[in-house]
Amino acid sequence: VSEDRLQDGIYFRSGERPPPCYRLLLLDYLPHTQPEQARAALERISTMLTGLRTGTVRDLDGQGEEQAAKAAAELGETDSMFAFGARLFDHTLHEPALVVAPRPNYLVTLREDGDPFPAVHWSPERDRQGGEADVAIQLTGPSDAAVNRGAVEVWKLVADEQLSIAIVASFAGFSRRDGRGWLDFHDGVSNIESSERLVAIQATADPAWMVGGTYMAFLRFQVDLSAWRALTRAQQELIVGRDKLTGEPVLGVRRGPAGEIVPVAKAATPDEETSPAGADFREPPEVSNPMVKASHLQRANRNRASPWAPAGQRIYRQGYEFLENLNADGITLGLNFVSFQADLGSLRRVLHLSGWLGDVNFGGLARASPDNPPSVQLLSLLAGGLYCVPPRDTPFPGARLFEDHANS
Amino acid sequence: MVCRGLGAARASAARHSRSTSDDAPGDEALWAARIENALQEALATYGATCHLATDHDVTPETILTDWTAFPARIAGCLTREHACALLDWRSATGDQGRNYQEEYAEWRTVRSTHGTIRRFELTTELPDYWVWLAGRNPTRTLELLASFAGEENVDPQAVYGERGPSRESLTGAQRESAFTRHMLGAGESPYNNGTRAICCMRQSTNTLGALLGLVVASCRARLARDGVSGFVRCADAADVIPQLKGAAELGRNSDPVVVEQLTRLACEGRLIALDGAPGVYIHGIQLERLAAPDGSQVPEEWFSFQRTTTVDTKPEEVVRAQRLVFEVPPEHGICIGDLIDIATGEPIRSGGDVADLVQLAVYLRTSAPGVVEDAIDPLPRALPDPVAARGACEEVLAGWRDFERGLNTPASSAGDTGSL
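What counts, and at which threshold
Residues numbered from 1 in each chain as written. Chains lettered and ligands numbered in written order. Predicted model: local features only at pLDDT ≥ 70, side-chain atom pairs only at ≥ 80, totals over all residues. Heavy atoms only, no water. Helix = DSSP H or I, 4+ residues; strand = E, 2+ residues; numbered from the N terminus. Buried < 20%, exposed > 50% of the residue type's maximum accessible area, 1.4 Å probe, protein only. Contact = heavy atoms within 4.5 Å. Areas by Shrake-Rupley, 256 points an atom, 1.4 Å probe, with all protein chains shown as cover. Rg over C-alpha atoms; globule rule 2.2 N^0.38 Å. Buried area = accessible area lost by both parts, 1.4 Å probe. Salt bridge = Lys/Arg side-chain N within 4 Å of Asp/Glu carboxyl O. Polar contact = N/O pair within 3.5 Å; in protein donor to acceptor, adjacent residues only side chain to side chain. Nonpolar A, V, L, I, M, F, W, Y, C, P; charged D, E, K, R; others polar. Pairing = 2+ DSSP bridges. Phe/Tyr/Trp six-rings, centres within 6.5 Å; stacked < 30°, edge-to-face > 60°. Lys NZ or Arg CZ within 6 Å of the ring centre and 35° of its normal. Patch = residues over 30% accessible without salt bridge, like charges linked within 9 Å, V, L, I, M, F, W, Y side chains within 5 Å. Axes fitted to C-alpha atoms, helices over the stretch in contact; angles between N-to-C directions. Parallel < 35°, antiparallel > 145°, perpendicular 65-115°, else oblique. Left-handed = near helix turned anticlockwise from the far one by under 90°. Disulfide = S-S within 2.5 Å. pLDDT = per-residue confidence, 0-100.

Asker: Which residues make up the overall build of chain B, and what values go with them?
Answerer: A count of helices and strands for chain B gives 13 helices and 16 strands. Burial status across chain B gives 59% buried among its 420 residues. The long-range fraction of contacts in chain B, counting pairs at least 24 apart against all pairs at least 6 apart in sequence, stands at 73%. By element, 52% of the accessible surface of chain B is carried by carbon and sulfur atoms, the whole surface being about 15,900 Å².

Below you can see the structure in the form of structure tokens.
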């Protein structure tokens, strides 16, 4: 297997686990920025962030070894990942053009004059900046202090050196150690087998400068927790497709004493006992009950295929929850859905195809029936953007994009 | 358990009927017999399997496997932009790009004098059925072709060659042979080479034999030990396809997902049958991806689903179509080429752009799990290189070179991307 060239910050290798804290910085170039200034700005930021990992803090130049070691201990495990949005490739927004490379397929800004996806609306509390930018820098690390210090050090550097770039938005998130999300259900259980993740993640040479890189989707979904909690546990389980406590997949339904629909989940027994020939089936078995087939679990991986099957539309998810507001006006929380995929077309198809997530907001049958769990508009989009994540390179990932401009 | 080798295709075929029948009374049984012959050939090639259901087995569960019609392997080899150009390649002898439309769906585009796409037609109809129909019912064959081409009549010689079908001395087999020669493969009839119409698939692997071979070869339990975790699990396309003697190809949208679905069902110990007459059906369109120049959504009515099949046992189910025609009604003053795919941010420039929106499906019926018990050993597994496993590219690259040569030869019409 070829050695991968993916940037740090994508935790797909066997035994790796994403660190618990997340900060996404979005930056736009200033008007009339020249290509060489654009390149220099990112080179400076990259160099500074690399220095942080070794405890080099610009404002504390000259601090003692012991203090530097403490800084390195806090910041040393913070990964930074550089990504570029469709905006960078839009020559109407940059005079002069900053890059001449073609915009990769499916790298587009999300629709603003309509719903971003067929079954997902923009939230009324939609973020002013919308999640699109020329450049995104993902910071992931072991503590809020680590990722937030990284973000603020970028802000200081931009200001101090009057770089031709400005931070336009920033989003934070965290992950839970119990493997569950705000819905209280297990999340990420059927994520891809570690040996197969690279196939799902790694981009091909279309365009050539992206070979060995990947594509990132950042979708900051607001979750309507009140609507969710108004559902019964059975209704929730049917919509998610898992038992709430055990995380086992729902395989069918039966009628309860009052004629109500009761989901029937796979028994929680060790894999060795449930699988023929000792096989370990990580994916749920095939189901045919339309109500179960319509659950989120089944829809998100409808063909239950591996990344070796392009029509499996497999994407590698690395999401982070967030809590934005909690006050007298109510609560705003949700999921920073972050996914990495070889091709943004896969994500599009998951979110557009009928029977996948193109015809329901989260899960459940698209057409109402008396037995259906009530249709719930669980997710709406607060902010979002699609980004290309070039492979590792020096002096920073994607530097070649700007060099091509200089050579053209 | 005794391994059985007969699928339920024959019985299933009889339970399905076209909304507008092509057949005279009794013809359905004859077509079913032909399916059975193809099935027997597949079984002879790939071996019997315990997981194929017979007519007597109980297979109450219906499931489908879906993929999009855009040929993923071709784009993986060439880039999407070049693949789109190659897939619409039209030469003086017709649509050469059809040779690369390998997802059990083929299309043609009709363009304006400026090269903008006005009309898109896609078919998943098997050539085997059309050959049979052409031999059995030439009148119906010509009627259909006339309707596809928007013509009042079709000259039989354009379909059957000089040995027109009306000569009473001609046998059905001779008519089949004449149709095959003129309409399939490199046949130059304008009624299936894309210049006037497209009636059925002609790419060499879009056939009944290939489809049944794919099913028969895949329909068996195969396990693999994961190279990293060490878990034994159901084998995936990268494990299985190299074992299938050419019945499937990595990198495609269709083959790997069908292989994995059938392998997984077999791993669950199920009996499996195709639901309905063997074929690939048009399951839907990603309609919301299209926007008119004013930003408005494209209505479903602009897509016409034709050659539909109803399932007698499932009257509530949406009809299954094998032909799709997409055209903007003239009163709107725009054409397909003016529409934007919001997922790519680009206008529709090629048939491949539309094919990417078309959702295809194969329908299966299965028994409950655990009906078949296999004793199987995990396949040895070496992790394939992710790039190599995206599919073989030699013949695609050669095709691109031929196409490019045509583009660079001003006097030749080769390399034209399909304008009329």
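Let's pick the thread back up.
Asker: An account of the overall build of chain A is needed here, citing residue identities and associated values.
Answerer: Secondary structure assignment for chain A yields eleven helices and twelve strands. Taking 408 residues into account, the globule formula puts the C-alpha radius of gyration at 22 Å, and chain A, at 22 Å, falls close to it. Considered along the principal axes of its C-alpha atoms, chain A spans approximately 70 × 55 × 50 Å. Expressed as a percentage of the 408 residues in chain A, the buried residues total 57%.

Asker: So what's going on with the interface of chain A and chain B? Residues and values would help.
Answerer: Listed per partner, the contact involves 48 residues of chain A and 57 residues of chain B. Approximately 4,400 Å² of surface area, both sides summed, lies buried where chain A meets chain B, with 53% of it carried by carbon and sulfur atoms. Between the two partners, chain A and chain B, sit five salt bridges. A salt bridge links A:Glu196 to B:Arg233; its shortest N-O distance comes to 3.6 Å. Here chain A and chain B share 18 residue pairs in polar contact (both at pLDDT 80 or more) between them. For the side of chain A that touches chain B, the secondary-structure elements that each account for two or more residues are helix H4 (197-201) and helix H10 (344-352) of chain A. Considering every element that reaches the side of chain A that touches chain B, the biggest residue donor is H10(A), with three residues. Taken together, the residues that form the side of chain A that touches chain B break down as 21 nonpolar, 13 polar and 14 charged.

Asker: Residue-level account of the sheet that holds strand E15 (residues 346-347) of chain B, with values.
Answerer: Read across the sheet, three strands follow the order E11-E14-E15 (chain B) without closing on themselves; strand pairing throughout is antiparallel. What marks the edges here is a single partner per strand, and that holds for strand E11 (290-291) and E15 of chain B.

Asker: Before we move on, could you go through the packing of aromatic side chains and cite the residues and values that matter?
Answerer: Scanning all chains against the criterion turns up 21 aromatic pairs over all chains. Plain terms: the ring middles of A:Phe221 and A:Phe337 are 6.1 Å apart, the flat faces sit at 70° to each other, and that makes the pair edge-to-face. With A:Phe221 in strand E6 (residues 214-223) and A:Phe337 in strand E11 (residues 330-341), this pair connects stretches of sequence that are 116 residues apart. A:Phe337 shares its class with A:Phe221; the two are buried. Every member of this aromatic cluster is reached through a ring pair, and the members are A:Tyr29, A:Phe82, A:Phe84, A:Phe396 and A:Phe402. The ring of A:Trp122 carries A:Arg126 above its face, with NZ or CZ at 3.8 Å from the centroid. Across from the ring centre of B:Tyr281, 5.9 Å away, lies the NZ or CZ of B:Arg320, which sits over that ring.

Asker: Just give me the short version of the pattern of salt bridges, but keep the residues and values in it.
Answerer: Throughout the structure, instances matching the rule amount to 59 salt bridges over all chains. Ionic pairing is found between A:Arg176 and A:Asp178, a salt bridge with its closest N-O pair at 2.9 Å. Judged by relative accessible area, which is 39%, A:Asp178 ranks as partly exposed. For B:Arg80, the salt bridge is made with B:Asp356, and the minimal N-O distance between the two is 3.3 Å. Placement of B:Arg80 in helix H4 (residues 80-87) and of B:Asp356 in the loop between helix H12 (351-355) and strand E16 (358-366) is noted, with a sequence separation of 276 residues between them. Take B:Asp356: its relative accessible area is 1%, and that puts it in the buried class. Overlapping salt bridges bring together A:Asp343, A:Arg349, B:Arg80, B:Arg289, B:Asp341, B:Asp353 and B:Asp356 as one network.

Asker: Talk me through a nonpolar patch on the surface; I want residue IDs and the actual numbers.
Answerer: Residues and elements named next belong to chain A. Taken together, the side chains of Leu 323, Leu 326 and Ile 331 present a nonpolar region at the surface, about 280 Å² in accessible area. When you line up the elements, Ile 331 lands in strand E11. Residue Ile 331 is classed as partly exposed on the basis of its relative accessible area of 37%.

Asker: Pulling in residues and values, what's your account of the packing of H4(B) against helix H13 (residues 394-407) of chain B?
Answerer: Residue and element names in this part refer to chain B. Packing of H4 against H13 leaves a shortest axis separation of 10 Å and a crossing angle of 70°. With respect to H13, the element H4 is oriented roughly perpendicular. Between H4 and H13 lies a crossing whose hand is left-handed. On the side of H4, the interface is formed by His 82, Ala 85 and Leu 86, while H13 contributes Val 396, Gly 399, Trp 400 and Phe 403. Along the lines of polarity and charge, the residues of the contact of H4 with H13 split into five nonpolar, two polar and no charged.

Asker: Summarise the environment of B:Tyr100; cite the residues concerned and give the values.
Answerer: Residues and elements named next belong to chain B. Structurally, Tyr 100 is set in the loop between strand E4 (94-95) and strand E5 (106-111). Since its relative accessible area comes to 11%, Tyr 100 is described here as buried. Residue contacts for Tyr 100: discarding those within four places in its chain leaves Pro 71, Ile 74, Leu 86, Leu 87, Gln 203, Glu 395, Val 396 and Gly 399.

Asker: Describe unusual backbone geometry, naming the residues involved and giving the relevant values.
Answerer: Residue and element names in this part refer to chain A. The omega torsion across Glu 95 and Pro 96 is 5°, close enough to zero to call that bond cis. Along the polypeptide, Pro 96 turns up in the loop between strand E2 (79-85) and strand E3 (121-122). Going from Asp 206 to Pro 207, the amide bond is cis rather than trans, its omega being 5°. Looking at the element boundaries, Pro 207 is found in the loop between H4 and E6.

Asker: If you had to explain the state of the cysteines to someone new, which residues and values would you point to?
Answerer: One pass over the full model with this rule turns up one disulfide over all chains. There is no disulfide at B:Cys200, and the cysteine sulfur nearest it, in B:Cys199, is 3.8 Å away.

Asker: Tell me what's going on with the confidence of the model for chain B, and back it up with residues and numbers.
Answerer: Residue and element names in this part refer to chain B. On average, chain B scores 88 in pLDDT, and the residues at 70 or more come to 87%. Predicted confidence for residues 1-15 stays below pLDDT 50, and this span has 49 contacts to residues more than four positions away or in other chains. Confidence drops under a pLDDT of 50 for residues 410-415, and excluding neighbours within four residues, the segment shows 13 contacts in the predicted structure. Under the prediction, the complex receives an ipTM of 0.92, its pTM being 0.93.

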